Every structure is written in C-alpha cells, then in structure tokens.
Amino acid sequence: MPLTSNLTTNKHLLGWVEEMAALCQPDSVVFCDGSEAETKRLTEYAVSKGILIPLNQEKHPGSYLHRSNPNDVARVEHLTFICTPTKDEAGPTNNWMAPADAYLKLRGLFEGSMKGRTMYVVPYVMGPLGSEHSKIGIELTDSVYVTLNMGIMTRMGKPALDMLADSNEFNRGLHCTGDVNPERRYICHFPQDNTIWSFGSGYGGNALLGKKCLALRIGSYLGRDEGWLAEHMLILGVEDPDGNKTYVAAAFPSACGKTNFAMMIPPKRFAGWRVYTVGDDIAWLRVGEDGRLWAVNPEAGYFGVAPGTNMKSNPNAMKTIAKNTIFTNVAVTKNGEVWWEGLDGEVPEELTDWKGQPWKKGSTEKAAHPNSRFTAPAANNPILSAHVNDPRGVPISAVIFGGRRSNTIPLVMQSFNWAHGVYLGSTMASETTAAATGATGVVRRDPMAMLPFTGYNVADYFAHWLKMQKAVPYPPKIFMVNWFRKGTDGKFLWPGYGDNMRVLKWIIDRAHGKVGAQETLFGWVPKQGHIDLSGLEIAPEIVDAATHIDDNEWKIELESQKTFFDQFGERMPRTLELIRQQLLSRLS
Ligand code: GTP
Ligand code: SPV
Ligand code: MN
C-alpha cells in the first residue's frame, strides 16, 4: 500500500519518504505537525524512555535534560563530507567523497537501521514563513530528541508542509543515530542533490540538519548560484537614545561569543541605548531593492553554549532559558536544577555530572561538558527584535569578523574598503574550542568563521564574496574585532560581554561616517579617546595592550597567511594575495 498522510498529498515527498522507509525499515512512520499536543506527546514518550529527564518543574517549567552518548558531544569535522562530483569543487579545506561512493557507503549503514524504531518525518522552514527567500527541508530521523529540538530551532510541522504544497523543491535530509559509534559516523552533504545524509550521531550540528548542514553548507552553495550569502553570523539591532536603529551582522567562530554579543546589555554609561537580537548563529544576506544588504535569521531558536552563561555575562540568555528549554549535557543538582561551570552562585557541594555520575565540589573533572548546550525558543528572548519574522529581514550597516586570538589582532579595526574587508575575513584565525571534537586552543585559519561550514571550495567562496561588491551598491562597512587578547599574565585584557557595546558604538559611528579614525598599515583603528571607557575600571596600559598593533607579530601573521592561501592554488583570487603582499612589503 502506498504511503499516505493526512498532512500532505505531495507526491514527491510521499514517494521519497516511502523510498527512505524501505531502506531504513522503521516499524512506523510518523509525520510531524508541530502542534503543542504533539510536542507534549513526544516529550512524554521521551521521558518514559529516559531520553529526556524532567528538571525541577518549579524552577525550570517545561524544561528537560538530555544526556548524549559521551562519545557524541560535538560536531565531528573529520567525519563531515562535501560530496560534489569532483574533489576540486569541495576544495582543500573540506573532506570529500564522490557522491556515488558516499551514497553506497551510507546506504549500507542506513539499511535496516530503523528496525524497531519510529521514523519521524520532520518538515521545517528555514527563514520566515511565506518568504520567497526561505528554504524548506524535510528531515527523516529516528531520534525523538532531534525531532523535539527541530521543533524549537525551526518553523516546524504543518506550516512547512502548507508552504511546500505540491512542490518538489525541498532539502532531503536523512538522519539515523544508528548505534552512535564514531567508527560508523558520517555527515554527508550532496549540494547538487539538495540532500543531506547523516548517520551515527545525535548531537547538535551533526543531527539537527536544518542548522549547519542546510542553512550553512547547502545554503552557501545555493547562495553562490543564486547571488546571496549564507554566513555563520549573529544579527543584532542597536537603537540609540533618539530611536535610530542600526543593524550589524557578526561572524565569530563556534563558541567565540555570537550568542553573548547578540543578547548584550549595554553598560550603565549607555543609558537609553538598546540592543535587539535578530539571530545568534546564522544569517542569510541578500541584496535588497534599495541596494543595501539585508539579513534574515533562518532559525527560530538558540542552540547555545551553557558554560559561562550567567546573570552577569548574559542575563538575557538566562531569561531565555527560564522555561521550555532542552538542556544537553549539563550537570544537575539534587534539587533537579541545572548547573554548569561559570553559573552564578556557589559551586554546589554535590552534583550529578553530565555523564550521570556523582560529582563532588573540588573534582578535577568538569561537571558540565564544555560543549553542553541549551535549546530555547527565540520567543523567550526578552530583547527579541520585532523583525525576526519579517520576510525582508533587516538592513545591515556593518559586518564584523572576530576570532579568538591571544595575540596580534587588536580590539577593533576597520577595513579600508570591501576587498580589504574580504581579505580580513578570509585570513581570520581563531583558537579551536569544544564546539568540535579534537584539540582545543590551537590557532587555525577560520575564514569568515566558515571553515567547517562552507559547502564548496573556499577559494570560490572568497571569489563570491569579492563579487558581491558589484551587486551591493550600498555595502555595509567591514570590521574586525578580538575580545580574546591576553596579557602577559594570561588573562583576557578586555572585559568583554556588555562592555563590547563600547566597541560596537565606535563601529556604528564609523558605519554612519560620524567619527574619524586613525590609519594604520592594516586598517583604521579608533583615535585616542574615541572608545568610550567612562564607568569602566580599566588601566590605560591594559587598553593600550588590547588595541596595540605589533609589527613583529603582524609580520609572522602575514607570512603564515601565505601557507593558507597557497593551498588553493590557481583557484585563489589574486586580489586577496595581492593585498597580503602589499601589506607585507609596506611593513618591511
Ligand atoms: P556557537 O553557538 O558555537 O556558534 O558559539 P557562539 O559564537 O554563539 O559563542 P557564545 O556566545 O556561546 O560564547 C562561547 C564562549 O565564549 C562562552 O564561554 C562565553 O563565556 C565566551 N565569551 C563570549 N563573549 C565573550 C567576551 O566578550 N569575552 C570573553 N572573554 N569571553 C566571551
Ligand atoms: C557551532 O558549533 O558553531 C554551533 C553548535 O553553533 S552546532 O549546532 O553543533 O554546530
Ligand atoms: Mn555556530
């Protein structure tokens, strides 16, 4: 009997689900409608199976804890593949498999993999409902945890099917946790087929296919062909005391401060200034009819880093996760409250750690996993922008790139022009974090914070960025920031968090041409006294160290950029290498 659903008659969809079900052989196929009743039913089921653990419902209404398999706690970049017809299309920074080989290998893994399980059909929209720029995806998954997360992170269920109607244009995502064995874990993208096959992981970006897989890897590929940009960027709005609004988008690598910046509360000195969150992780940027660059956040929730989040660093995040939130791999108190390193208050004497083991204060092990996260609806955010559902998005006045660098990169710098800005983004480097498996704290090039997320050759991605200049008559100004520079004592020089407003204010003033700047070889920097430090207790020599440009450090920096550029060979845009050479020659 052919597969039917009372939610859709779309033949393309039904035919594909039937084909995938024949491969995975689930006991049942359930189409998700995204209703509250469904969420309740799935949550109860997940609780009955121990997949979700109810938290103290007085302290955390509607919230649950999930513990993932300890071998499955972050994105796996070495197991993530771009499966384009040729290796060159994926480029030297991506893992590549030929599509036929990848399909064959993964078919073997998916075959019969859902026996005894349910296949959830999860229809979702990335971007505002009804917007011509939004993209529709269907994720087939054996994971109720993934299904519930997708319900928070995307516009999920019936509205997506209604928007799809009879169209064949949707991303085909197939996901199975399998036996969560890293030896049989593959995250494969087929940009030409608008298809994603993910096997063997249930965690975050590996498994919530709308996020990094569709919105960034497939998205960047579509963006190149369709003339837009899919970026690993937060989007925020700043309102000055006169009510003027300015929107900026900022690309920081994973676990380098996007969520914090997007939810920032300006310090007291900035009375009357307000920040609004549009997005905290992903931006889709398009040229508007007015010739400006407009941004939408394709997501509907936040999958944010828990450790370090507290009432001082990010009160708005604390309010956002106060209810209806799924916590993954955090610790829990005897009283059923969540805990992580860096939370407010005393460290509890005893906890249950992220693995479910007893934990005592003073233990050398972390109680919460460093990449433990919360999944919370954007609607909970007290400073949510009124424009999150606006199909046009918001007009961007400044683009900011920023890595985690202990040295070299100053607090803030503005590019001389678009190409120089693209150069700054393309040469960005950052110390690795717990957001991906592997060593942390290792400096690596992470162009535009997109190294793990570009669905095609990064050299072509640079060319696409350069080409966008012609397409955007009124482009945003481009900046580079570094919140993470350290002093000789190994401590961060700049206080960060809310005080980043001081830097943002300069950026906005520059974007509107309201303030001058000091020219250096590498970019424009604030003139003495132009970063407002009033009300901040910081020694002038600390500010000097945070903003200092050291020619010796820059020489090393420029020379090491060459190795990165060289790997792209002939495909590398000449413009960027010429800018590098020019800077180096002016330096010597
Ligand atoms: P992904 O969700 O992985 O893409 O990360 P993100 O860029 O949203 O990072 P997030 O804002 O969650 O920050 C991650 C870590 O950086 C946390 O441990 C924060 O406490 C820390 N952090 C954020 N902003 C600042 C800052 O301004 N200064 C310093 N020193 N640390 C910061
Ligand atoms: C990141 O690693 O950049 C994240 C978390 O935002 S994940 O969804 O796992 O990619
Ligand atoms: Mn991210």
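Cut-offs used in this document
- Residues numbered from 1 in each chain as written.
- Chains lettered and ligands numbered in written order.
- Predicted model: local features only at pLDDT ≥ 70, side-chain atom pairs only at ≥ 80, totals over all residues.
- Heavy atoms only, no water.
- Core = buried A, V, L, I, M, F, W, Y, C linked by side-chain atoms within 4.5 Å.
- Buried < 20%, exposed > 50% of the residue type's maximum accessible area, 1.4 Å probe, protein only.
- Domains from an automatic or database assignment.
- Contact = heavy atoms within 4.5 Å.
- Helix = DSSP H or I, 4+ residues; strand = E, 2+ residues; numbered from the N terminus.
- Polar contact = N/O pair within 3.5 Å; in protein donor to acceptor, adjacent residues only side chain to side chain.
- Near = heavy atom within 4 Å.
- Areas by Shrake-Rupley, 256 points an atom, 1.4 Å probe, with all protein chains shown as cover.
- Nonpolar A, V, L, I, M, F, W, Y, C, P; charged D, E, K, R; others polar.
- Buried area = accessible area lost by both parts, 1.4 Å probe.
- Salt bridge = Lys/Arg side-chain N within 4 Å of Asp/Glu carboxyl O.
- Disulfide = S-S within 2.5 Å.
- Donors = N, O, S within 2.8 Å, 3.2 Å for Na, K, Ca; no water.
- Tetrahedral: all angles 85-135°; square planar, octahedral: opposite > 155°, others 65-115°.
- Axes fitted to C-alpha atoms, helices over the stretch in contact; angles between N-to-C directions.
- Parallel < 35°, antiparallel > 145°, perpendicular 65-115°, else oblique.
- Pairing = 2+ DSSP bridges.
- Expected span 1.5 Å × (residues − 1).
- pLDDT = per-residue confidence, 0-100.

**Looking at the nonpolar core**
Taken as a class, soluble globular proteins show a tendency for nonpolar side chains to be buried jointly. Of all hydrophobic cores here, the largest spans 92 residues; its most connected members are M233, I396, F401, F462 and W465. When residues of this core are assigned to domains, at least three fall in each of domain 1 (11-50 + 77-226) and domain 2 (231-299 + 386-587). Excluding residues within four positions of it along the chain, M233 makes contact with A249, A250, A251, K258, D281, I282, A283, L285, V399, F401 and W465.

**So, the side chain of N149**
Residue position: N149 is located in helix 5 (residues 144-153). When its relative accessible area of 0% is taken as the criterion, N149 is described as buried. In this structure the side chain of N149 is engaged in a polar contact, spanning 2.8 Å, whose partner is the backbone oxygen of Y145. With near-sequence residues (within four places) excluded, N149 lies in contact with L208, I326 and T375.

**Re the site of ligand 2**
In the region of ligand 2, the neighbouring residues are R75, G204, G205, K211, K212, H232, S254, D281, F303, R373, A435 and F453. Here an oxygen atom of ligand 2 sits 2.5 Å away from a polar atom, N or O, in the side chain of S254. Coverage of ligand 2 by the protein amounts to 98% of the 290 Å² it exposes when considered alone. Of all the secondary structure elements, the ones that give two or more residues to the shell around ligand 2 are helix 7 (204-207) and helix 8 (210-226). Classifying every residue of the shell around ligand 2 gives three nonpolar, four polar and five charged. When residues of the shell around ligand 2 are sorted by domain, at least three fall in each of domain 1 (11-50 + 77-226) and domain 2 (231-299 + 386-587).

**So, the domain arrangement of the protein**
Domain assignment breaks the protein into domain 1 (11-50 + 77-226), domain 2 (231-299 + 386-587) and domain 3 (302-380). Centre-to-centre separation of domain 2 and domain 3, based on C-alpha positions: 29 Å. Taken together, the contact pairs 11 residues of domain 2 with 11 residues of domain 3. Summing both sides of the interface, domain 2 and domain 3 together bury roughly 980 Å²; the carbon and sulfur share of this comes to 60%. When the area that domain 2 buries against domain 3 is broken down by residue, the three leading residues are M263, I265 and A434, summing to 45%. Viewed at the interface, domain 3 and domain 2 are joined by zero salt bridges. Taken together, the links from domain 2 to domain 3 amount to one residue pair in polar contact (both at pLDDT 80 or more). Among the residues forming the side of domain 2 that touches domain 3, the class breakdown is seven nonpolar, three polar and one charged.

**Some thoughts on the state of the cysteines**
Across all of its chains, the model carries zero disulfides by this definition. Counting only cysteine sulfurs, C83 is the nearest neighbor of C188, a cysteine outside any disulfide, at a range of 4.2 Å. As a non-bridged cysteine, C213 has C188 as the owner of its nearest cysteine sulfur, 9.9 Å distant. Of the residues examined, C213 reaches a relative accessible area of 0% and is grouped as buried.

**Observations concerning the coordination of the manganese ion (ligand 3)**
Bound to the manganese ion (ligand 3) are the protein donor atoms K212 (NZ), H232 (NE2) and D281 (OD), situated 2.2 to 2.3 Å from the metal. Coordination at the manganese ion (ligand 3) comes from six donor atoms whose angles at the metal span 71 to 174 degrees, giving a geometry best classed as octahedral. Counting the intervening residues between successive donors of the manganese ion (ligand 3) yields the motif K-x19-H-x48-D. On the criterion of sequence distance, the pair formed by K212 in helix 8 and H232 in the loop between strand 12 (229-231) and strand 13 (233-239) is long-range, its members being 20 residues apart. By the burial criterion, K212 is buried, and H232 matches it.

**Let's talk about the pattern of salt bridges**
Overall, the coordinates contain 30 salt bridges when judged by the stated rule. Among the salt bridges present, the one from D142 reaches R117, with a minimum N-O distance of 2.6 Å. Here D142 is found in the loop between strand 7 (135-141) and helix 5, whereas its partner R117 is found in the loop between helix 4 (99-110) and strand 6 (118-126), with 25 residues between them in sequence. When the shortest N-O distance is used, the salt bridge between E350 and K334 registers 3.7 Å. Remark: K334 occurs in the loop between strand 20 (331-332) and strand 21 (338-339) and E350 occurs in strand 22 (residues 350-352); sequence separation between them is 16 residues. A relative accessible area of 37% places E350 in the partly exposed class. Through salt bridges with shared partners, a single network forms among D88, R224, D225, D460 and R571.

**Focus on the packing of helix 11 (residues 418-426) against helix 16 (residues 574-587)**
Where helix 11 contacts helix 16, the axes come no closer than 10 Å and their chain directions differ by 85 degrees. The pairing of helix 11 with helix 16 is recorded here as roughly perpendicular in orientation. Between helix 11 and helix 16, the residues in contact are A419, H420, V422, Y423 and S426 and T575, L576, I579, R580 and L583, respectively. Here the residues of the contact of helix 11 with helix 16 sort into six nonpolar, three polar and one charged.

**Digging into the pairing of strand 24 (residues 373-377)**
Counting buried residues in strand 24 gives five out of five residues, a clear majority hidden from the surface. Neither face of strand 24 is left uncovered, since the one carrying R373, T375 and P377 and the one carrying F374 and A376 both have all their residues buried. Strand direction decides the pairing type here: strand 19 (residues 326-328) and strand 24, joined by three bridges, are antiparallel. Each residue of the ladder has a partner; that of T328, found in strand 24, is R373.

**Things to note about helix 1 (residues 11-24)**
If you check helix 1, its first and last C-alpha atoms are 20 Å apart, about what 14 residues at 1.5 Å a residue would give, namely 20 Å. For helix 1, the N-terminal capping position is held by N10, with its side-chain oxygen 2.9 Å away from the main-chain nitrogen of H12.

**Some points on the confidence of the model for the protein**
Residues of the protein with pLDDT of at least 70 account for 100%, and the chain-wide mean is 97. Per-element confidence in the protein ranges from a low mean pLDDT of 95 for strand 28 (residues 443-445) to a high of 99 for strand 9 (residues 171-176).

**Section: the site of ligand 1**
Near ligand 1 you find 21 residues, and of these A255, K258, T259, R373 and Y497 are the closest. A255 is positioned such that a nitrogen or oxygen atom in its backbone is 2.7 Å from an oxygen atom of ligand 1. Between ligand 1 and D281, the relevant distance is 3.0 Å, taken from an oxygen atom to a side-chain nitrogen or oxygen of the residue. Of all the elements in the fold, those that place two or more residues in the shell around ligand 1 are helix 9 (258-262) and strand 18 (301-305). Its residues placed into classes, the shell around ligand 1 shows 10 nonpolar, seven polar and four charged.

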